[in-house]
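Observations on the model geometry
Spelled out, the chains give:
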Amino acid sequence: MKIWGRTTSSNVQKVMWAVGEMGLKHERIDIGGPFGKNKEPAYLAMNPNGLVPTLEEDDGFLLWESNSIVRYLAAKHQSAVLEPKDLKTRALASKWMDWQLSVLGPAVTPVFWGLVRTSASWCGAIATSCRSGRSFPISSAGTPPSRRAPRSTST
Ligand SMILES: N[C@@H](CCC(=O)N[C@@H](CS)C(=O)NCC(=O)O)C(=O)O
């Protein structure tokens, strides 16, 4: 089994956490972010979104969307912890996973990039938005107010 995706992606980390919990034999391949190659035809043929992670099974089965990968692996390996037998318990776990991906993540990501990943060394550099994969320049406009030079009021 192969997991395609860089370890700095929270969605790849989610899958790797599940893989680790279940002790599954795997190979992880760096792709996306600074490693690139995720917009190349070979990868797009596996995942037309050009995003990470993607799971590739030994028999050729392909799956993308991190939550779907976690649920698939948990069901396949009958993990009672990650895929509880009780339907309602499982549904509640699933609810929080989807809430993280659809509500919490989009709200927190801009704050994370603006405050945590913006530092003096990043200023003027090009960063890649985790969510969209789009590139945008980090300039002083992206620097937290506490780090900005005070504006001169003199004319
Ligand atoms: N809903 C998707 C989102 C995937 C996604 O947005 N992945 C980001 C990394 S967190 C990505 O591929 N960004 C482009 C890149 O890494 O080059 C999932 O949960 O798998």
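This section reports on the structure supplied with the text. Within every chain, residues take consecutive numbers counted from 1 along the sequence as written. This being a predicted model, a pLDDT of at least 70 is required before a residue's local features are given, and a value of 80 or more before pairs of side-chain atoms are given or counted; all residues contribute to the totals for chains, interfaces and linings.

Thoughts on the overall build of the protein chain
- A tally of regular secondary structure across the protein chain gives 4 helices and 6 strands.
- What counts as a helix is a DSSP run of H or I of at least four residues, what counts as a strand is a run of E of at least two, and both are numbered from the N terminus. Taken from the N to the C terminus, the helices and strands of the protein chain come in the order β-α-β-α-β-β-α-α-β-β.
- Burial statistics for the protein chain: of 155 residues in total, 16% are counted as buried.
- Two residues form a contact once the distance between their C-beta atoms, set from the backbone, is within 7 Å. Here the analysis covers contacts within the protein chain between residues at least 6 apart in sequence; of these, 50% occur between residues at least 24 apart. Here the C-beta atoms are placed from the backbone, and a residue counts as buried if at least 20 other C-beta atoms lie within 10 Å of its own, exposed if 12 or fewer do, and partly exposed otherwise.

A look at helix H3 (residues 66-76)
- Looking at H3, one finds that the buried residues are Ser-66, Ile-69, Val-70, Leu-73 and Ala-74. Down the axis of H3, the buried set is contained in an arc of 125 degrees. They therefore lie on one face.
- In this fold, the buried residues of H3 make contact with helix H1 (10-22), strand S3 (54-56) and strand S4 (62-64). The arc refers to the directions leading from the helix axis to the C-beta atoms.

Overview of the packing of H1 against H3
- Viewed as axis vectors pointing N to C, H1 and H3 meet at an angle of 10 degrees, and their least axial separation amounts to 9 Å. The angle between H1 and H3 places the two elements in the roughly parallel class. When H1 is examined against H3, the residues Asn-11, Lys-14, Val-15, Ala-18, Val-19 and Met-22 are found in contact with a partner set consisting of Ser-66, Ile-69, Val-70, Leu-73 and Ala-74.
- Amino acids outside the nonpolar list (Ala, Val, Leu, Ile, Met, Phe, Trp, Tyr, Cys, Pro) and the charged list (Asp, Glu, Lys, Arg) are all regarded as polar, and Gly is one of them. Partitioning the contact of H1 with H3 into residue classes produces 8 nonpolar, 2 polar and 1 charged. Fitted lines through C-alpha atoms serve as axes, helices being fitted only where they are in contact, and the angles separating the N-to-C directions of these axes extend from 0 to 180 degrees. Small angles under 35 degrees read as roughly parallel and large ones over 145 as roughly antiparallel, with 65 to 115 read as roughly perpendicular and the rest as oblique.

What about unusual backbone geometry?
- A cis geometry characterises the amide bond from Val-52 onward to Pro-53, with omega recorded as 10 degrees.
- Checked against the element boundaries, Pro-53 lands in the loop between helix H2 (41-44) and S3.
- Positive phi, normally seen in glycine, also occurs at Lys-37, with a value near 70 degrees.
- Within the secondary structure, Lys-37 sits in the loop between strand S2 (27-29) and H2.
- The phi dihedral of Gln-78 is positive, around 50 degrees, even though this residue is not glycine.
- Residue position: Gln-78 is located in the loop between H3 and helix H4 (87-116).

Comments concerning the sheet that holds S2
- Whether two strands pair depends on DSSP finding at least two bridges between them. Read across the open sheet, the 4 strands follow the order S2-S1-S3-S4; overall the sheet is mixed. In this open sheet, the two edge strands, each paired with only one partner strand, are S2 and S4. Recorded for the sheet is a direction-independent mean angle of 20 degrees between the axes of neighbouring strands.
- The pairing of strand S1 (residues 2-4) with S2 spans 3 bridges and is classified as parallel. Across the sheet, Trp-4 pairs through a bridge with Ile-29, a residue of S2.

A look at the nonpolar core
- Each nonpolar core consists of buried Ala, Val, Leu, Ile, Met, Phe, Trp, Tyr and Cys residues. Their C-beta atoms, within 7 Å, join them into a set. Grouped together as the largest cluster of nonpolar side chains are 15 residues, with contacts concentrated most on Val-15, Ala-18, Val-70 and Leu-73.
- Among the secondary structure elements, those contributing two or more residues to this core are S1, H1 and H3.
- In this structure, Ala-18 is in contact with Val-70, Leu-73, Ala-74 and Leu-82, ignoring residues within four places of it in sequence.

Things to note about H1
- Residue count minus one, scaled by 1.5 Å, sets the expected span of a helix. Along its 13 residues, H1 runs 19 Å from first to last C-alpha, staying within 8% of the 18 Å computed at 1.5 Å per residue.
- When H1 is considered as a whole, its buried residues turn out to be Asn-11, Val-12, Val-15, Ala-18 and Val-19. Buried residues in H1, looked at end-on, bunch into an arc of 125 degrees, giving them a common side. The exposed set on the far side of H1, more than 90 degrees from its buried face, consists of Trp-17 and Gly-20.
- Contact partners of the buried residues in H1: S1 and H3.
- Gly-23 occupies a position one or two residues after H1 and carries a positive phi of about 60 degrees.

Just distances and angles here, no functional claims.
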